[in-house]
Amino acid sequence: TKSAVATGADLVAYSGFSNSNYLFQPYNSDLQYGSGDFYIMAWAKLPPVSSSFDVIFDRSSSSSTGRIFLYAETSNSIARILIYNGTSQFLADGPSMDDNIWHQLVGVRRRDTLNMYFDGELKSSVVCSGSIDDTTAFTHIGIQQDGATGDFGGSIALVRTGASAPSAEQIKKIYEDEKVLFQENAKCTLYGSSDAVTALAYDD
C-alpha cells in the first residue's frame with residue numbers, strides 16, 4: 001500500500017507488507033560493497049507490536065556469504081543494523097522504535113567500524129571486518145530474504161544505500177532536512193506539465 005506519510009503531505013510511504021507483498025530487486029553488482037564503506041538509510045514508522053520481527057532492508061541469499069540487514073528486533077523492537085561476512089556477524093543497535101512515530105535509521109560502515117544512527121544521533125558502534133559480497137544476493141524491502149518471514153508491521157519511506165560513508169555531521173543534516181517532509185501538508189514535488197527546471201532558490 002502506498003499512501004502519504006501525513007495528511008496533505010506529498011511524500012509517500014509503503015506499508016501492508018506480507019509474504020506476497022514486498023519490494024524486491026534481483027542481484028545488483030552495484031551493491032557489492034566488499035570490505036569497503038557503505039551506508040543503508042531509511043525512515044520507518046512502527047506501531048507497538050510486541051514480539052514481532054520487522055525487516056526494513058535485507059540484501060542476502062540462502063547461501064549467506066554476505067549480508068546487509070536493517071530491522072527491528074523481535075523481543076523489544078530495537079532498531080538494528082547487521083552485517084555478515086560469511087563467517088562472523090557484526091551488530092550495532094539503536095533504541096526501541098515501536099512508538100508509531102517516524103524515525104530515521106542509518107547503518108554506516110566507515111573503515112572497520114559499523115555504526116548505528118537513530119534520528120541523526122550515533123547510538124552504537126562495533127568493530128567489524130571482512131567482505132560482505134555475495135554474487136547470488138538479492139534485495140528485499142519489507143520482508144526477509146526468504147520472502148516468507150519478518151514482514152514489516154508499519155510503514156517505510158526513503159530507503160537508499162550506497163558505497164560511501166556519510167559523516168556524522170552529514171547524517172544529522174539529512175535528518176534535519178528530511179524530517180519536515182513527514183509533517184502535515186509538507187510539499188516536495190515539482191508540479192506542472194514539464195519536468196524542466198527553469199528557476200531555483202534556496203533558504204540557507
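Look up: the structure comes first, before these words.
Residues numbered from 1 in each chain as written. Predicted model: local features only at pLDDT ≥ 70, side-chain atom pairs only at ≥ 80, totals over all residues. Heavy atoms only, no water.

Draft legend 1. The arrangement of the overall build of the protein in detail. What the protein contains, in helices and strands, is one helix and 13 strands. Going from N to C terminus, the protein has its helices and strands arranged as β-β-β-β-β-β-β-β-β-β-β-β-β-α. Projected onto its principal axes, the C-alpha coordinates of the protein cover approximately 50 × 35 × 30 Å. In the form shown here, the protein has an accessible surface area of approximately 10100 Å², with 49% of it arising from carbon and sulfur atoms. (Helix = DSSP H or I, 4+ residues; strand = E, 2+ residues; numbered from the N terminus. Areas by Shrake-Rupley, 256 points an atom, 1.4 Å probe, with all protein chains shown as cover.)

Draft legend 2. Fine view of the sheet that holds strand E8 (residues 89–96). Taken together, six strands build an open sheet; the order of strands is E3-E12-E5-E6-E7-E8 and the sheet is antiparallel. Lying at the two open borders of the sheet, with one neighbouring strand each, are strand E3 (23–25) and E8. For this sheet the average axis-to-axis angle between neighbouring strands, irrespective of direction, equals 10°. Bridge count between E3 and strand E12 (residues 138–141): three bridges; the pairing is antiparallel. Residue Leu23 lies in a different strand from E12, and its bridge partner there is Ile141. (Pairing = 2+ DSSP bridges. Axes fitted to C-alpha atoms, helices over the stretch in contact; angles between N-to-C directions.)

Draft legend 3. Focus on the packing of aromatic side chains. Under the definition given, this model contains eight aromatic pairs. Ring geometry for Tyr33 against Phe38: centres 5.4 Å apart, planes inclined by 5°, an arrangement best described as stacked. Grouping residues by exposure puts Tyr33 and Phe38 together as buried. Members of the aromatic cluster, each reached through a chain of ring pairs, are Trp43, Trp102, Tyr175 and Phe182. The side chain of Arg67 reaches across the aromatic face of Phe69, ending 3.9 Å from its centre. (Phe/Tyr/Trp six-rings, centres within 6.5 Å; stacked < 30°, edge-to-face > 60°. Buried < 20%, exposed > 50% of the residue type's maximum accessible area, 1.4 Å probe, protein only. Lys NZ or Arg CZ within 6 Å of the ring centre and 35° of its normal.)

Draft legend 4. Structural view of the environment of Ala165. Considering the arrangement of structural elements, one finds Ala165 in the loop between strand E13 (155–162) and helix H1 (168–178). Distance from Ala165 to Gly107, taken between C-alpha atoms, is 9.3 Å for residues 58 residues apart in sequence. Excluding residues within four positions of it along the chain, Ala165 makes contact with Asp37, Val108, Arg109 and Arg110. (Contact = heavy atoms within 4.5 Å.)

Draft legend 5. A look at the nonpolar core. Counting residues in hydrophobic clusters, the biggest one holds 28 residues, and the most contacted among them are Ile56, Leu70, Met97 and Leu105. Among the elements of the structure, strand E4 (38–45), strand E5 (54–60), strand E6 (67–72), strand E7 (78–84), E8 and strand E10 (113–118) are those that each provide at least two residues to this core. The element contributing the most residues to this core is E4, with four residues. Here Ile56 is in contact with Ala42, Ala44, Leu70, Tyr71, Met97, Leu105, His140, Ile141, Gly142, Phe152 and Ile156, once residues within four sequence places are set aside. (Core = buried A, V, L, I, M, F, W, Y, C linked by side-chain atoms within 4.5 Å.)

Draft legend 6. Main features of the pairing of E4. By the criterion of burial, E4 is predominantly enclosed, with seven of the eight residues buried. In terms of strand pairing, E4 meets strand E9 (residues 103–110) through seven bridges, oriented antiparallel. Each bridged residue has a counterpart across the sheet, and for Tyr39 the counterpart in E9 is Val108. The pairing of E4 with E13 spans six bridges and is classified as antiparallel. Bridged to Ile40 within E13 is Thr161.

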